[in-house]
Amino acid sequence: LYYLRSLVHEQLGQETLQQQAHQEIVKLGFSEQFEEKSPLLFSDSNQRLSEVIQLHALLGNQNTDLRSMILDTRGFLLWRTNQFQAALWDLELAVNFARSHYRSQENELEKIRKAAVDIRIVEAQLSAIKKNLAVILYHRSLAYESLQRPTEASQDRQEVQELGYQLSPHLF
């Protein structure tokens, strides 16, 4: 995020703020990765998968699919600004990515669980992935509801409950 912030400040000609963002990157120990300018990820659909993988590795978050998180954030913001159809497009993609990630990780974690001495870590990872999917489904249900599609909204909300979460605006 500091890297993206530094790029924005650079484009705005705010050199001091750009340097402050870069200093935060250095403090976090990532200065080498940001020496080369790289294109912004997810700015269009033609980005190479390797760039997505690099971002995933950089952030070190193995519990969620970043594509789903980014699309969910944008979709939720579009929904909040009453751009319901655009929100639904992003949220449908986000659900597909999150559901796919959940299914693949569920199978992998099940294999690990059988061999693990302490399954609490495995349970925590699966719980984080499951919650990510529940949040995105809830957000998509809001978009469906706004577009007068109560059947789809109800299906998403039922799936949220089947994942073990209560429907709430604070489902984060």
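The structure contained in this document is the topic of the report that follows. From a predicted model like this one, the values you see are computed outputs, not experimental measurements.

The next subject is the overall build of the protein chain. Along the backbone of the protein chain there are seven helices and zero strands. Per-residue burial for the protein chain yields a buried fraction of 31% across its 172 residues. Contacts spanning at least 24 positions in sequence make up 56% of the contacts within the protein chain whose residues lie at least 6 apart. Total accessible area on the protein chain is roughly 11300 Å²; 52% of this is exposed by carbon and sulfur atoms.

This part takes up the pattern of salt bridges. Overall, the coordinates contain five salt bridges when judged by the stated rule. One salt bridge connects Asp 156 with Arg 140, and the closest N-O pair in it is separated by 2.7 Å. One end of the pair, Asp 156, is in helix H7 (residues 150-162); the other, Arg 140, is in helix H6 (residues 120-146), with 16 residues separating them in the sequence. Between Arg 149 and Glu 152 there is a salt bridge, with the nearest N and O atoms lying 3.3 Å from each other. For Glu 152, a relative accessible area of 24% translates into the label partly exposed.

With that settled, consider unusual backbone geometry. Peptide bonds are trans in most cases, and residues, glycine excluded, mostly fall at negative phi. Unlike most non-glycine residues, Asn 82 shows phi in positive territory, near 65°. In this fold, Asn 82 is placed in the loop between helix H4 (66-80) and helix H5 (84-115). A positive phi angle, near 60°, is found at Gln 148, a position not held by glycine. With respect to the secondary-structure elements, Gln 148 resides in the loop between H6 and H7.

Conventions and cut-offs
- Residues numbered from 1 in each chain as written.
- Predicted model: local features only at pLDDT ≥ 70, side-chain atom pairs only at ≥ 80, totals over all residues.
- Heavy atoms only, no water.
- Helix = DSSP H or I, 4+ residues; strand = E, 2+ residues; numbered from the N terminus.
- Buried < 20%, exposed > 50% of the residue type's maximum accessible area, 1.4 Å probe, protein only.
- Contact = heavy atoms within 4.5 Å.
- Areas by Shrake-Rupley, 256 points an atom, 1.4 Å probe, with all protein chains shown as cover.
- Salt bridge = Lys/Arg side-chain N within 4 Å of Asp/Glu carboxyl O.

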